[in-house]
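A structural walkthrough
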Amino acid sequence: MSEWIESVAAVEAVLFAAALAGFFGARALLPRGRAFFAERLSWGLALGLALLAAAAALSASSGARPGRWVPVLLGIGAIAAGALLPRPVERGAAVESAPARPLVTGILILLCGAGVLLYCLRALTEPMWSNDYVAIWGFKGKTIWAEGAIPERLFSWPSLAYAHPEYPLGLPLLYAGIAGARGAFDDHAMAVLFPYLQIATLLALYGWLRRRGASGATALAAAAAIACFSSLYSGFLVGMAEVPLSFALLLFGAALADALDRTDDGAVRRVTLAAALLACLKNEGLFAILLALVGLGVARLRGRRIPASVATAAALPGLIVFLAHRLAFGRPPMRDFDFGRLAPSRWGALPALAAEAFAAAARIAVRSWPLLAAVALLILIGRRVETGDRLLALAAGLLAAYLLVPILSVAGPRWLVDTTLARVTAALAPLLAAGIGVRIRR
Amino acid sequence: MTRRQAAALAALAVILLVGLAPEQPREISGRWRMLESGAGRSLEERRFRGSGAGFDRNFLVFLEALRQSAPPGTTGVAILGPPPEGPHRYLASYHLAPVPVLTSPRRVPPKWIPVSYGPPPPGWRVFAPLPGGAMLEPAL
C-alpha cells in the first residue's frame, strides 16, 4: 500500500471515529426518528470535529502535543452526554411530504454523487496549497501541533501579522487535532476532511428540507445544486475556512429556524453548538451571529415572542469565544481595516469608497449573471414562508455586510472585493439553498 | 408540469451548468493522472509537484534540505534573499513550522540560523552548502 493511501486511510479513520462519537453525542441534540437521521449524521460530524479541535486546544493549553488520548476521552464524554442527557422531544410531527419519483430520485442522487466525486478529485489531487492555507490556517495548525502549544508569537510578533492573529483558531486547532490523533501532520491526506464537510452539508440540507416539508425532489435538487457548486467546492478553497463556514452557517440557520418555530426541544442546544462553531471558525461567523441577534431584536420589537433561551443560545457561545480569544491572546490589530474611516470627520470619503466597492462587486455580478438570475428566479417563484424568509434574510444581511466592509479596507475596497467577495459569498450557498428550498417545497 | 415547476427546473439546470462548467473533461483527466502518479510518491515529492510550490519549485527543495539539516531546538531561521513578505515567506514559515522564520530581515536575531537562498550577501560566507543556497556564518 502506498504511503499516501495509508495516510488517507489513517485520517479517514480519525474522522470516522470522531463522527461516530459525535453521532452518539448528537442523540442529545435531535429527537428520535427517521426524519432526523440524515441531520443526525451531519451534526455528528460537526460535533466530532469540534471534539478534535477542543482536544487540541486542551492539549496545547497544558503544554502537551495534541495526541490520541484527549480526543478519545472527549469522545467518551460526548457519548456519555448523549446517553445521559434527556433526549429531545418533537413538538410537532415532522412535515415530510411525498418522496420523489424513482427516476427523478435516481438522477438527482447521481448528480449529488458526481458533485462529491469531483470534489474528492479536486481536494485530493495534491497537498493543500492555497495561499491562505499556507499563510494562515495550515501554518497555525502545524505550529500548534508541532509545538504542543499555542505560541504567543502568533499574536504578538509584527512579522507574523500576515497570518492574521485576529482570526479565530477553530480551523487550525482542528488541523492540529487531526494531526495529533493521526500522529503526523500530512497536509495531503488531511484534505479528505473537505469532502467529509461537503457530504455533511448535503445531509444537513437534505434532511432539514425534508423534515420541514420540502418534497423529496426539491430537497434532493437543492443538495445536487450545492454538491455541484464548484465555486464553493473548488480545489483552491480546500484548506481554507469557507467550506467549514458554509457548513456551520447552514447548521446555524436551520437550528435557529427550528428553535423559533419550536419544532423540537433540542433546537436550542443545536443553536448553541452551531453558534460556537461559527464563532470559532471565522470573523464572518461572528457577523452571522450578530445579524441573527439583530433580526431577533427586530422581530421582538414588532411584537413577536422570541424565547430568551434562543437569543442566549445564539449569543453566548460567540461572546465566550470572543472574550476567551481577547483574554488569552490580547487584542491583535485588524491590520487590513481602517476603522478611523468611520469617524464623522471622514464620512465625506465614504460614498466614493462605497462606489468603488459596489463597482468591483458589479463586475463580479456581471460575470456571474446566469447564476444570479437563476437564484433570483428561484426566490421569486417561492412562496412566502417565514422559516425560509428568515434564512434568506440572514444570507442577504451577510451579503450586505460583505459589500460594505470593503469600504474600510486599507488596501482599497476594490482589492478586498476582488480577492474575497466571490469566495465568501459562495459560502452562503447552502444557507441560501435551505431558504429557497423550504419556500419552494414542491 | 406547472409553470412554477418548469421555472424551477430551468433554474436548477442553469445552476448545475454554471457549477459544473469549469470542470472540463481535460482538467478531470489531468487531475486523475496527477492523483494516480502521485499516489506512489513520498509526501515531499507530491508537495514538490503540487501548486503550492509552483511559484518557485527550487525554493521548496532548498527548504526541505534546510529542514533536514537544521539542528533540533533551532530558535529561528533567517533566510536572506527572498523578499520580506510574500509567497517565499509564507511557504518557508509553513514548511519549517514550528521554527520561526524571517525572510531578509534587517538584522539576524541572536541565536537564529542565517541562511541564504541564492549566493550569500556581502558580510556572510558559506558555512554549509544547501541546494540553491547555503547555511551562513559572518565573514570575518
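This section reports on the structure supplied with the text. Since the model is a prediction, treat every value here as computed from it, not as a measurement.

**Side note on the overall build of chain B**
When its secondary structure is counted, chain B shows five helices and five strands. Ordered by position from the N terminus, the helices and strands of chain B form the series α-α-α-α-β-α-β-β-β-β. Scaling as 2.2 N^0.38, a compact globule of 140 residues should have a C-alpha radius of gyration of about 14 Å, whereas chain B reaches 23 Å, well beyond that. By its C-alpha atoms, chain B is 85 × 35 × 25 Å across when sized along the principal axes. Expressed as a percentage of the 140 residues in chain B, the buried residues total 43%. Partitioning the contacts of chain B with sequence separation of at least 6, the portion at a separation of at least 24 is 47%. Summed over all atoms, the accessible surface of chain B reaches about 7,500 Å², with 62% contributed by carbon and sulfur.

**A few points about the packing of helix α11 (residues 267-281) of chain A against helix α13 (residues 308-329) of chain A**
Residue and element names in this part refer to chain A. Contact geometry of α11 with α13 gives a least axis separation of 8 Å together with a crossing angle of 25 degrees. In terms of orientation, α11 lies roughly parallel with respect to α13. Where α11 crosses over α13, the handedness of that crossing is right-handed. Contacts from Val 268, Val 271, Thr 272, Ala 275, Ala 276, Ala 279 and Cys 280 in α11 reach Ser 309, Val 310, Ala 313, Ala 314, Pro 317, Gly 318 and Val 321 in α13. A class-by-class count of the residues in the contact of α11 with α13 yields 11 nonpolar, three polar and no charged.

**Some words on the sheet that holds strand β5 (residues 133-138) of chain B**
Two strands in a sheet stick together by hydrogen bonds in their backbones, pointing the same way (parallel) or opposite ways (antiparallel). Residues and elements named next belong to chain B. Pairing is mixed across the open sheet formed by five strands, whose spatial order is β2-β1-β3-β5-β4. Bordering the open sheet on either side are β2 (101-103) and β4 (124-130), each of which pairs with just one other strand. The average angle at which neighbouring strand axes cross in this sheet is 30 degrees, direction not considered. Bridge count for strand β1 (residues 77-80) against β2 is three bridges, and the pairing is parallel. Bridge assignment links Ile 79 to a residue of β2, and that residue is Thr 103. Packing against the sheet, helix α4 (residues 57-69) makes contact with β1, β3 (113-117), β4 and β5, and its axis sits at approximately 155 degrees to β3. On the sheet, helix α5 (residues 87-96) packs against β1 and β2 and is oriented at approximately 160 degrees with respect to β2.

**Considering unusual backbone geometry**
A negative phi angle characterises most non-glycine residues, just as the trans form characterises most peptide bonds. Of note, the amide linkage connecting Ala 97 of chain B to Pro 98 of chain B takes the cis form, showing an omega dihedral of 15 degrees. Following the sequence through the fold, Pro 98 of chain B ends up in the loop between α5 and β2. A positive phi angle is found at Arg 262 of chain A, which is not glycine, with a value near 50 degrees. Along the chain, Arg 262 of chain A falls in the loop between α10 (242-261) and α11. Although it is not a glycine, Ser 104 of chain B sits at a positive phi angle of roughly 45 degrees. With respect to the helices and strands, the residue Ser 104 of chain B is situated in the loop between β2 and β3. Exposure remark for Ser 104 of chain B: the relative accessible area of 26% places this residue in the partly exposed category.

**Details of the packing of aromatic side chains**
For the structure on display, the rule yields 16 aromatic pairs over all chains. Ring geometry for Phe 23 of chain A versus Phe 24 of chain A: centroids 5.8 Å apart, planes at 75 degrees, classification edge-to-face. For Phe 23 of chain A, a relative accessible area of 16% gives the class buried. Here the aromatic residues Phe 23, Phe 24 and Phe 37 of chain A are joined through ring pairs into a cluster of three or more. Just above the ring of Tyr 94 of chain B sits the side chain of Lys 142 of chain A; from NZ or CZ to the centre is 4.9 Å. The residue whose ring lies beneath Arg 153 of chain A is Trp 157 of chain A, and the NZ or CZ to ring-centre distance is 6.0 Å.

**Considerations on the interface of chain B and chain A**
Facing 39 residues of chain B, the contacting portion of chain A comprises 48 residues. When the two sides are added together, the surface that chain B and chain A hide from each other amounts to roughly 4,100 Å², 68% of it contributed by carbon and sulfur. Looking at the side of chain B facing chain A, the largest losses of area belong to Arg 4, Arg 31 and Tyr 94 of chain B, adding up to 19% of the total buried there. Applying the counting criterion to the chain B and chain A interface returns two salt bridges. Here Arg 46 of chain B ties to Glu 3 of chain A by a salt bridge, and the two come within 3.4 Å at their closest N and O atoms. Where chain B packs against chain A, one counts 17 residue pairs in polar contact (both at pLDDT 80 or more).

**Thoughts on the side chain of Arg 341 of chain A**
All names here are of chain A. Mapped onto the fold, Arg 341 is located in the loop between α13 and α14 (350-367). Within the structure, Arg 341 has its side chain in polar contact with the backbone oxygen of Ser 409 (distance 2.8 Å). Residue contacts for Arg 341: discarding those within four places in its chain leaves Arg 346, Trp 347, Leu 350, Leu 353, Ile 407, Leu 408, Ser 409 and Val 410.

**Some words on empty space enclosed by the protein**
On inspection of all chains with the given rule, the structure shows four cavities of 30 Å³ or more. Of the voids in this model, the largest cavity is the one considered here, and its volume is about 90 Å³. Lining the largest cavity are 14 residues, with Met 128 and Trp 129 of chain A together with Arg 47, Gly 52 and Ala 53 of chain B sitting closest to its centre. A class-by-class count of the residues in the lining of the largest cavity yields eight nonpolar, three polar and three charged. A volume near 60 Å³ is recorded for the second largest cavity. The wall of the second largest cavity is formed by Thr 125, Glu 126, Pro 127 and His 188 of chain A together with Met 34, Leu 35, Gly 38, Ala 39, Arg 46 and Arg 49 of chain B. Of all elements in the fold, only α2 (25-38) and α3 (43-49) of chain B reach the threshold of two or more residues within the lining of the second largest cavity. With three residues, the top contributor of residues to the lining of the second largest cavity is α2 of chain B.

**Focus on the packing of helix α5 (residues 131-147) of chain A against helix α7 (residues 170-182) of chain A**
Residue and element names in this part refer to chain A. Two numbers describe how α5 lies on α7: the axes approach to 7 Å, and their chain directions differ by 45 degrees. With respect to α7, the axis of α5 lies oblique. As for how α5 packs across α7, the hand of that crossing is right-handed. Residue-level contacts link Tyr 133, Trp 137, Gly 138, Lys 140, Gly 141, Ile 144 and Trp 145 of α5 to Leu 171, Pro 172, Leu 173, Tyr 175, Ala 176, Ala 179 and Gly 180 of α7. Split by residue class, the contact of α5 with α7 holds 10 nonpolar, three polar and one charged.

Conventions used here
- Residues numbered from 1 in each chain as written.
- Chains lettered and ligands numbered in written order.
- Predicted model: local features only at pLDDT ≥ 70, side-chain atom pairs only at ≥ 80, totals over all residues.
- Heavy atoms only, no water.
- Helix = DSSP H or I, 4+ residues; strand = E, 2+ residues; numbered from the N terminus.
- Rg over C-alpha atoms; globule rule 2.2 N^0.38 Å.
- Buried < 20%, exposed > 50% of the residue type's maximum accessible area, 1.4 Å probe, protein only.
- Contact = heavy atoms within 4.5 Å.
- Areas by Shrake-Rupley, 256 points an atom, 1.4 Å probe, with all protein chains shown as cover.
- Axes fitted to C-alpha atoms, helices over the stretch in contact; angles between N-to-C directions.
- Parallel < 35°, antiparallel > 145°, perpendicular 65-115°, else oblique.
- Left-handed = near helix turned anticlockwise from the far one by under 90°.
- Nonpolar A, V, L, I, M, F, W, Y, C, P; charged D, E, K, R; others polar.
- Pairing = 2+ DSSP bridges.
- Phe/Tyr/Trp six-rings, centres within 6.5 Å; stacked < 30°, edge-to-face > 60°.
- Lys NZ or Arg CZ within 6 Å of the ring centre and 35° of its normal.
- Buried area = accessible area lost by both parts, 1.4 Å probe.
- Salt bridge = Lys/Arg side-chain N within 4 Å of Asp/Glu carboxyl O.
- Polar contact = N/O pair within 3.5 Å; in protein donor to acceptor, adjacent residues only side chain to side chain.
- 1 Å grid on protein atoms, 1.4 Å probe; cavity = no way out; pocket = protein on both sides within 12 Å on 5 of 7 lines; lining within 4 Å.
- Points joined across faces, edges and corners; volume = space filled by probe spheres on them.

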